[in-house]
Amino acid sequence: MSPTVASFPVAKDERLECRIHRAINVRRFPLSIVVALLIAAMGGNLLAGPVAKGFKVQSDSISPDQRLGVTVPILSQAPENAKNTVIVVETGKALGVIKGETGWNRQNNGGVAPARWSKDSSVLVWMVDGKWFPAALVVLKCGPRAVLWQVDLLRAVQDEMLARTKAAQPKKYAAIVTGHKGWGSAYREGFSIDVDVDGEIAFPLHFHGALSSDPKGADDLPKLESNLEGSIDEKGKVTVTRFALGPGKSENF
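Residues numbered from 1 in each chain as written. Predicted model: local features only at pLDDT ≥ 70, side-chain atom pairs only at ≥ 80, totals over all residues. Heavy atoms only, no water.

Q: Mind showing me how you'd approach the overall build of the protein here?
A: On a plain count of helices and strands, the protein comes out with four helices and 14 strands. Within the protein, the proportion of its 253 residues that are buried is 40%. Sequence separation of at least 24 residues holds for 47% of the intrachain contacts in the protein that already meet a minimum separation of 6. (Helix = DSSP H or I, 4+ residues; strand = E, 2+ residues; numbered from the N terminus. Buried < 20%, exposed > 50% of the residue type's maximum accessible area, 1.4 Å probe, protein only. Contact = heavy atoms within 4.5 Å.)

Q: What am I meant to see in the packing of aromatic side chains here?
A: Two measures describe an aromatic ring pair: the distance that separates the ring centres and the angle between the ring planes. Per the counting criterion, the structure on display carries four aromatic pairs. Where Trp183 meets Tyr187, the ring centres are 5.6 Å apart and the plane angle is 85°; that geometry is what we call edge-to-face. In this structure Trp183 comes out as partly exposed when scored by relative accessible area, which is 34%. (Phe/Tyr/Trp six-rings, centres within 6.5 Å; stacked < 30°, edge-to-face > 60°.)

Q: Honestly, the layout of surface pockets in this entry has me stumped. Any pointers?
A: Empty space among the atoms can be located by rolling a probe the size of a water molecule over them. Of the pockets and cavities examined, the largest pocket occupies roughly 640 Å³. Lining the largest pocket are 25 residues, with Glu101, Pro134, Ala135, Ala136 and Ala186 sitting closest to its centre. The element best represented in the lining of the largest pocket is helix α3 (residues 153–168), accounting for three residues. A breakdown of the residues in the lining of the largest pocket according to their chemical character gives ten nonpolar, eight polar and seven charged. The space that makes up the second largest pocket amounts to roughly 240 Å³. Around the second largest pocket, the lining is made up of 14 residues, and of these Met127, Asp194, Asp196, Glu251 and Asn252 lie nearest the centre. Residue assignment for the lining of the second largest pocket shows that the elements contributing at least two residues are β8 (123–129) and β11 (192–198). (1 Å grid on protein atoms, 1.4 Å probe; cavity = no way out; pocket = protein on both sides within 12 Å on 5 of 7 lines; lining within 4 Å. Points joined across faces, edges and corners; volume = space filled by probe spheres on them. Nonpolar A, V, L, I, M, F, W, Y, C, P; charged D, E, K, R; others polar.)

Q: How should I be thinking about the nonpolar core in this particular structure?
A: Across soluble globular proteins, nonpolar side chains have a tendency to be buried as a group. The biggest cluster of nonpolar side chains holds 26 residues, and the ones touching the most others in it are Val139, Leu153 and Phe191. Of all the secondary-structure elements, those providing two or more residues to this core are β8, β9 (136–142), β10 (147–152), α3, α4 (170–179), β11, β12 (205–212) and β13 (225–232). With five residues, α3 is the single largest residue contributor to this core. Those residues in contact with Leu153 that lie beyond four places of it in its chain are Leu137, Val138, Val139, Val195, Val197, Phe207 and Ile232. Judged by nonpolar contacts, the second largest core, of 18 residues, contains Val88, Trp126, Ala136 and Val147. (Core = buried A, V, L, I, M, F, W, Y, C linked by side-chain atoms within 4.5 Å.)

Q: Sorry, what's going on with the environment of Trp132 here?
A: Tracing the sequence through the fold places Trp132 in the loop between β8 and β9. Trp132 sits 54 residues away from Ala186 along the chain, and the two C-alpha atoms are 10.0 Å apart. In this structure, Trp132 is in contact with Tyr187, Ser192, Asp194, Pro215, Lys216, Asn252 and Phe253, ignoring residues within four places of it in sequence.

Q: Looking at this structure, how should I read the sheet that holds β11?
A: Strand order across the open sheet formed by four strands is β11-β12-β13-β14, with antiparallel pairing between neighbours. In this open sheet, the two edge strands, each paired with only one partner strand, are β11 and β14 (238–245). Averaged over all neighbouring strand pairs, the angle between strand axes comes to 20°, with direction disregarded. Relative to β13, β12 is paired through eight bridges, and the arrangement is antiparallel. Note on β13: the bridge partner recorded for His206 is Ser231. (Pairing = 2+ DSSP bridges. Axes fitted to C-alpha atoms, helices over the stretch in contact; angles between N-to-C directions.)

Q: Whenever I open this one, the confidence of the model for the protein confuses me. Can you help?
A: Close reading of the predicted structure is inappropriate where its pLDDT is low. Mean pLDDT over the protein stands at 86; residues scoring 70 or higher make up 81%. For residues 31–44, every residue scores under 50 in pLDDT, and the model assigns this stretch ten contacts once sequence neighbours within four places are set aside. (pLDDT = per-residue confidence, 0-100.)

Q: What am I meant to see in the side chain of Gln158 here?
A: Locating Gln158 in the fold gives a position in helix α3. Setting aside chain neighbours within four positions, we find Gln158 in contact with Phe133, Arg188 and Ile193.

Q: Quick question: what am I supposed to make of the pairing of β9 here?
A: Where a strand is regular, its side chains alternate between the two sheet faces. In terms of burial, β9 is largely enclosed, as six of its seven residues are buried. Taking the residues that link successive antiparallel strands as the turn, the β8-β9 hairpin has six residues. When β9 meets β10, the two strands line up antiparallel, connected through five bridges. Paired with Leu140 across the two strands is Gln150, which belongs to β10. Where β9 folds back on β10, the antiparallel hairpin that results is connected by four residues.

So this is what it looks like as structure tokens:
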């Protein structure tokens, strides 16, 4: 004779209470935390939609609203002329290619720095670190379907600093240009020029630059330094607000 197993019916109001309890527990767990945990589980790389072979989207490039990210080419897998691109994480749709030097997943000096976004995820400051100064520093304004504009801030500030320093100290400047021939194309006119943005990522976006002819402190030539400050407005216009000779603010020299 089979043993009898007693069953006790669950009241409708008890079942309803269980469903409500489960729903509340799920809703208390934010989507952003779920995304962060998934990214961490994948070693810091987000597998966005159909990302091209040889590229990845790093977790520290994702916008605060989790919608946008930046593709980074993988050394030995992506073509030599590969570029960083802002994409929609969910679909892989490209919004725009970033100007300036490409940041790879591995580099001899420096590498891709964590992306800096505005709170509303519409402004991106993209930096690729170098040895003495950035290899790339670009400010981008992102819209729903495309990058609306971008400013190669590294190039713009370097242009201003070189022109103003040359005008202020033409003889020293010429001597350094001649003495530093062969330093390489990254050292424009033989100078190290460090550039970075300041404070919160919001317009007007403030920046500073520091120029040095001798970041190592080992040159036989007279040292020439200058510094600069400025801002970018909501339309991407760059304005220099201050320039002076002398050492500037730099974490690299």
